[in-house]
Amino acid sequence: MPRPISATIRPASLSHNLKVVQSQLQARQGMQPRVWAVIKARAYGHGIESAVSAFAGADGLAMLDLEEAVQCRELGWAGPILLLEGHFQAADVAVLDEYRLHTTIHCSEQLEMLERGAHPRRPIDAFIKLDTGMSRLGFTPASYRSAFERALRAQQAGILGRLGKMTHFARADDDADVTQAQLDVFNQITQGLPGPISVCNSAGTLTPGLWAKAGAAAGTDSGGGPTREDKTPMAARASHWVRPGICLYGASPFAQRSAHALGLRPAMTLSASLISVRDIPAGTGVGYGHIFHAPAPMRIGVVACGYADGYPRHAVSGTPITVDGVRTVTVGRVSMDMLAVDLDAVPQARVGSTVVLWGEGGPSVDEVAAAAGTIGYELLCAVAPRVPRTIISTEDTQ
Ligand SMILES: *Cc1c(COP(=O)(O)O)cnc(C)c1O
């Protein structure tokens, strides 16, 4: 028998979350923004295959690994695919060409690779990225317009196809003023430049009306999205693309708003079993370092899940966890392959009892992350390869 731990993935919840996001994006001037479903890091640990089928209703898929992009094409995804960090080296340009990938151009070296490389069979669509205050990727405000003009020359040469404008917010989850300041820079610098706009991750996407403020001063693009194959009539095309990631997986981008309150469903449930149950006298130390001592006689259980499975070692004693459907807490330090739980509230618990570490029927991944001083993103991405994934197909759900 395999070790009793598994990560259950529900593609139906992924689809549900996409619908929640799409219904929150209100149309402005008859235009609904298009959605790049962000599926980087193996779809935040959920698996590319589940994501490609569950996000069939998205307008495009976005990631940064070229192999993941190729995998999407091989799985039959015919729509747009965007590389969020663009091409990394000259040899990648042939992959962009062969698999019809949109690239991101955030530095002049990437322009050079395109200009000097072999001429692509089809012009490559690209978003030109502006650094409006994230200080990570993107042309500076001072260099953006000349970079865009250089991209327009590459477009005239048939190397680049449609061009779009892109930036990334540093504090869309917690500071509206900083976000507005970034937007002001974006609108000022990109004013009058052609092409669609993409500015919002999950936090921005779930902030009402924010996407529509981008490009407000500059007017909207008349040319529509960057997809030449698109058959949508020009007028109905959205000129904005949002880029939600974490919310599609049922976790919250906000510290103060839960995924549940946002109407999102966890798409991954990490569960395991108790492999030992014991009664310990008052004062007994539990686990490495004895960081927890039983304050009174108590029952504890040992769960077949540790940090080598991706459960955070920094989760403190008192991190929420569910045993046999009853919410309780962890005790002591997380080991490589095990962790301990307080069973006082779960007298019926025994070896084999089901434990939900996070997800449906347990605490949210965000609660566990908060107890470990991190964010749900990290935990979802870090579930170890040794944890078997069980995919619950749509027919099995409702
Ligand atoms: C990861 C990423 C996103 C999605 O971010 P979430 O916070 O998960 O919604 C959007 N845009 C870019 C450029 C990214 O790298």
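As recorded in an unreviewed UniProt entry, the protein goes by the name Alanine racemase, listed as coming from Allopusillimonas soli. The record held by UniProt for the protein lists under Catalytic activity (unreviewed entry) the comment "L-alanine = D-alanine". One UniProt comment on the protein, placed under Pathway (unreviewed entry), says "Amino-acid biosynthesis; D-alanine biosynthesis; D-alanine from L-alanine: step 1/1."

Mapped onto this numbering, the UniProt entry gives "modified residue: N6-(pyridoxal phosphate)lysine" (unreviewed entry) at Lys40. Residue position: Lys40 is located in helix α2 (residues 40–44). Not counting residues up to four positions away in its chain, the partners in contact with Lys40 are Ala62, Met63, Leu64, Glu68 and Leu84.

By the element assignment, Gly60 lies in strand β3 (residues 60–63). Classification of Gly60 by relative accessible area gives buried; the value is 0%. Separated by 198 residues in sequence, Gly60 and Ser258 place their C-alpha atoms 26 Å apart. In this structure, Gly60 is in contact with Val35, Trp36, Ala37, Trp77, Pro80 and Trp241, ignoring residues within four places of it in sequence.

Around the ligand, a shell composed of Val38, Lys40, Tyr44, Leu84, His168, Asn201, Ser202, Arg243, Pro244, Gly245, Ile246 and Tyr377 is seen. Here an oxygen atom of the ligand and a side-chain polar atom of Lys40 are 2.7 Å apart. In the complex, the protein chains occlude 93% of the 390 Å² of accessible area that the ligand would expose alone. Here the residues of the shell around the ligand are counted per class, giving six nonpolar, four polar and two charged.

The rules behind each value
Residues numbered from 1 in each chain as written. Predicted model: local features only at pLDDT ≥ 70, side-chain atom pairs only at ≥ 80, totals over all residues. Heavy atoms only, no water. UniProt positions renumbered as here; feature names shortened; annotations may be inferred. Helix = DSSP H or I, 4+ residues; strand = E, 2+ residues; numbered from the N terminus. Contact = heavy atoms within 4.5 Å. Buried < 20%, exposed > 50% of the residue type's maximum accessible area, 1.4 Å probe, protein only. Near = heavy atom within 4 Å. Polar contact = N/O pair within 3.5 Å; in protein donor to acceptor, adjacent residues only side chain to side chain. Areas by Shrake-Rupley, 256 points an atom, 1.4 Å probe, with all protein chains shown as cover. Nonpolar A, V, L, I, M, F, W, Y, C, P; charged D, E, K, R; others polar.

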